[in-house]
Amino acid sequence: MSEQTNRCYRLRRRPEGAVVRDTDLEFREEAVPDTGPGQALIRTLLLSVDPTNRPWMSDIRSYIAPVAIGSVMRGIGIGEVVASRRDDLSPGDLVFGFTGWQDYTLSDDATDEVPFAVLPSPLPAPLGAFLGVLGHTGITAYLGLEDIGRPQPGETMVVSGAAGAVGSVAGQLGKVRGARVVGVAGSAEKCRHVVEDLGFDACVDYKAADWVAQIDAATPDGVDVDFENVGGPVMDHVVSRMNVGGRVVLCGMISEYAGYHSAAGWQGQFEILQVLLQRVLMKGFIVLDHGERFPEAVGHLADLLIQGRLTYRETVVDGLENARDALNALFRGENTGKMLVKVSDPSDRTLAREGAAGVVAAT
């Protein structure tokens, strides 16, 4: 890649179903922007691939405006400051924020959707952790349980998307709080990982023909907490098993984001009546609403990581040119843990400061 070239994805059409190469997202080369007063140029190192990327492409009512047609695709990433005319960002700083799906982003404190945050130096964990277990996905799991789920010792907690970035952390946090945790994942191998590597008490393969019977067998005393990442028929059955006073943490509904269930004849949740009859709290939340609590969450998660009570897995796709395929793979359930795209390597200056082991993403 030339230092004068910025590879980027621009949204050309709002997708229907899977994202179509070039028709929906165009991958192109443009000039690297000049750095003006009050601005910093940031080179993307790692890009987070998240379910929310998909609704950002759609023109639907949401917590944030959709990506405009013709604009660079919105995305969260970690980058290195390569030039700066700002007092708060210096060349060599590693930062977290909305880098977009591109090699370079121009950060302007007056116009950034969310301010970039400088990562600690030296790094206490590999760089990828700050997009996963110590990043927005881990924070999502922590806040969802602290504020809504509140699992108690002896209660039963179900986590959908249990092998994914948020679900894997949420289930482990539930175990730390003393709950019996049942995961739901999309293959026998993922279920093995969830139980043997992450420490869940049980895991149900939702692709198995007998998944309903599996859920019933795994939750003989009903369900007290549902940490919901997927939605769809599995959520409906879990809600039908909620105990009096149960809590549903509505974190995500990935099955609905691209209209897959609608295309298959799915008509929505049917067991909502049980929310009333069992006096269940069901609450949705968006992690970006709680920026002031990120340090609290990261501190708690980092302590557990250091103690060996929290583990994580990453699926790393190499090359910005493959980000579009990585998003489609995420919706097909081909990842285990956090889905990342490696865009570039840190500079020699940053490697010398942090140490190579401190910035390398796990694979």
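Note: the structure precedes this text.
Participant: Is there a simple way to think about the packing of aromatic side chains in this case?
Facilitator: Pairs of aromatic rings are described using the distance from one ring centre to the other and the angle between the two planes. Summed over the entire model, instances satisfying the criterion amount to three aromatic pairs. Aromatic pair Tyr 9 and Trp 101: ring centres 5.5 Å apart, planes at 80°, arrangement edge-to-face. In this pair, Tyr 9 sits in strand 1 (residues 5-11) while Trp 101 sits in the loop between strand 5 (94-97) and strand 6 (104-108), placing the two residues 92 residues apart along the sequence. Taking relative accessible area as the criterion, Tyr 9 reaches 0% and is therefore assigned buried. Pairwise contacts between aromatic rings join Tyr 9, Phe 27 and Trp 101 into one cluster. We note Arg 74 situated over the ring of Trp 56; from NZ or CZ to the ring centre the distance is 5.2 Å.

Participant: Before we go on, may I ask you to explain helix 2 (residues 136-149) in this structure?
Facilitator: Structurally, the α-helix is built with 3.6 residues per turn, so residues lying three or four positions apart point the same way. Helix 2 sits mainly inside the fold: twelve of its 14 residues count as buried. Following helix 2 by one or two positions, Arg 150 adopts a phi angle in the positive range, close to 45°.

Participant: Can you help me understand the packing of helix 2 against helix 3 (residues 165-176) in this one?
Facilitator: Contact pair helix 2 / helix 3: the axes reach a minimum separation of 8 Å and the direction vectors enclose 45°. The angle between the axes of helix 2 and helix 3 places the two elements in the oblique class. The interaxial crossing formed by helix 2 with helix 3 has right-handed handedness. Within the contact between the two elements, helix 2 uses Thr 137, Gly 138, Thr 140, Ala 141, Tyr 142 and Leu 145 and helix 3 uses Ala 165, Val 166, Val 169, Ala 170, Leu 173 and Gly 174.

Participant: Can you help me understand the sheet that holds strand 11 (residues 223-228) in this one?
Facilitator: By definition, the strands of a sheet pair up through backbone hydrogen bonds, in either a parallel or an antiparallel sense. Pairing is parallel across the open sheet formed by six strands, whose spatial order is 10-9-8-11-12-13. The outermost strands of the open sheet, each flanked by one partner alone, are strand 10 (202-205) and strand 13 (281-284). For this sheet, the mean angle separating the axes of adjacent strands, direction not counted, is 15°. Where strand 8 (residues 156-160) meets strand 9 (residues 180-185), five bridges bridge the pair, whose relative direction is parallel. By the bridge assignment, Val 159 is partnered in strand 9 with Gly 183. With respect to the sheet, helix 4 (residues 188-197) is in contact with strand 9 and strand 10, its orientation differing from that of strand 10 by roughly 165°. Here helix 5 (residues 211-218) sits on the sheet in contact with strand 9 and strand 10, set at roughly 165° to strand 10.

Participant: Got a minute to help me understand the environment of Arg 13 in this structure?
Facilitator: With respect to the helices, strands and loops of the structure, Arg 13 is situated in the loop between strand 1 and strand 2 (25-31). Given a relative accessible area of 40%, Arg 13 falls into the partly exposed group. In the structure, Arg 13 is positioned 108 residues away from Ser 121 in sequence and 40 Å away in space, judged by C-alpha atoms. Sequence-distant contacts of Arg 13, that is, excluding residues within four places in its chain, are made with Val 20, Thr 23, Asp 24 and Ile 69.

Participant: Sorry if this is basic, but what is going on with the side chain of Thr 35 here?
Facilitator: Turning to its location among the elements, Thr 35 is positioned in the loop between strand 2 and strand 3 (39-48). By relative accessible area, Thr 35 is classed as buried at 18%. Excluding residues within four positions of it along the chain, Thr 35 makes contact with Ala 40, Leu 41, Ala 83, Arg 85 and Leu 106.

Participant: Sorry if this is basic, but what is going on with the nonpolar core here?
Facilitator: Side chains that are nonpolar tend, in soluble globular proteins, to be buried together. Judged by nonpolar contacts, the single largest core of 74 residues is most densely connected at Met 157 and Phe 227. Those residues within four positions of Met 157 in sequence are excluded, and the remaining contacts are Leu 145, Pro 151, Ala 170, Gly 171, Gly 174, Ala 179, Arg 180, Val 181, Val 182, Val 225 and Phe 227. Among the nonpolar cores identified, the runner-up in size contains 17 residues, and Val 184, Trp 211, Val 238 and Val 280 belong to it.

Participant: Which parts of the structure should I look at to understand the pairing of strand 5?
Facilitator: For a regular strand, the rule is simple: side chains alternate between the two faces of the sheet. Here strand 5 shows a buried face lined by Leu 94 and Phe 96 and a second buried face lined by Val 95 and Gly 97. One ladder, built from four bridges, connects strand 4 (residues 77-84) with strand 5; its direction is antiparallel. The residue of strand 5 that forms the bridge with Gly 77 is Gly 97. Here two bridges tie strand 5 to strand 7 (residues 117-118), and the two strands are oriented antiparallel to one another. Pairing of Phe 96 across the sheet is with Ala 117, part of strand 7.

Rules and cut-offs
Residues numbered from 1 in each chain as written. Predicted model: local features only at pLDDT ≥ 70, side-chain atom pairs only at ≥ 80, totals over all residues. Heavy atoms only, no water. Phe/Tyr/Trp six-rings, centres within 6.5 Å; stacked < 30°, edge-to-face > 60°. Helix = DSSP H or I, 4+ residues; strand = E, 2+ residues; numbered from the N terminus. Buried < 20%, exposed > 50% of the residue type's maximum accessible area, 1.4 Å probe, protein only. Lys NZ or Arg CZ within 6 Å of the ring centre and 35° of its normal. Axes fitted to C-alpha atoms, helices over the stretch in contact; angles between N-to-C directions. Parallel < 35°, antiparallel > 145°, perpendicular 65-115°, else oblique. Left-handed = near helix turned anticlockwise from the far one by under 90°. Contact = heavy atoms within 4.5 Å. Pairing = 2+ DSSP bridges. Core = buried A, V, L, I, M, F, W, Y, C linked by side-chain atoms within 4.5 Å.

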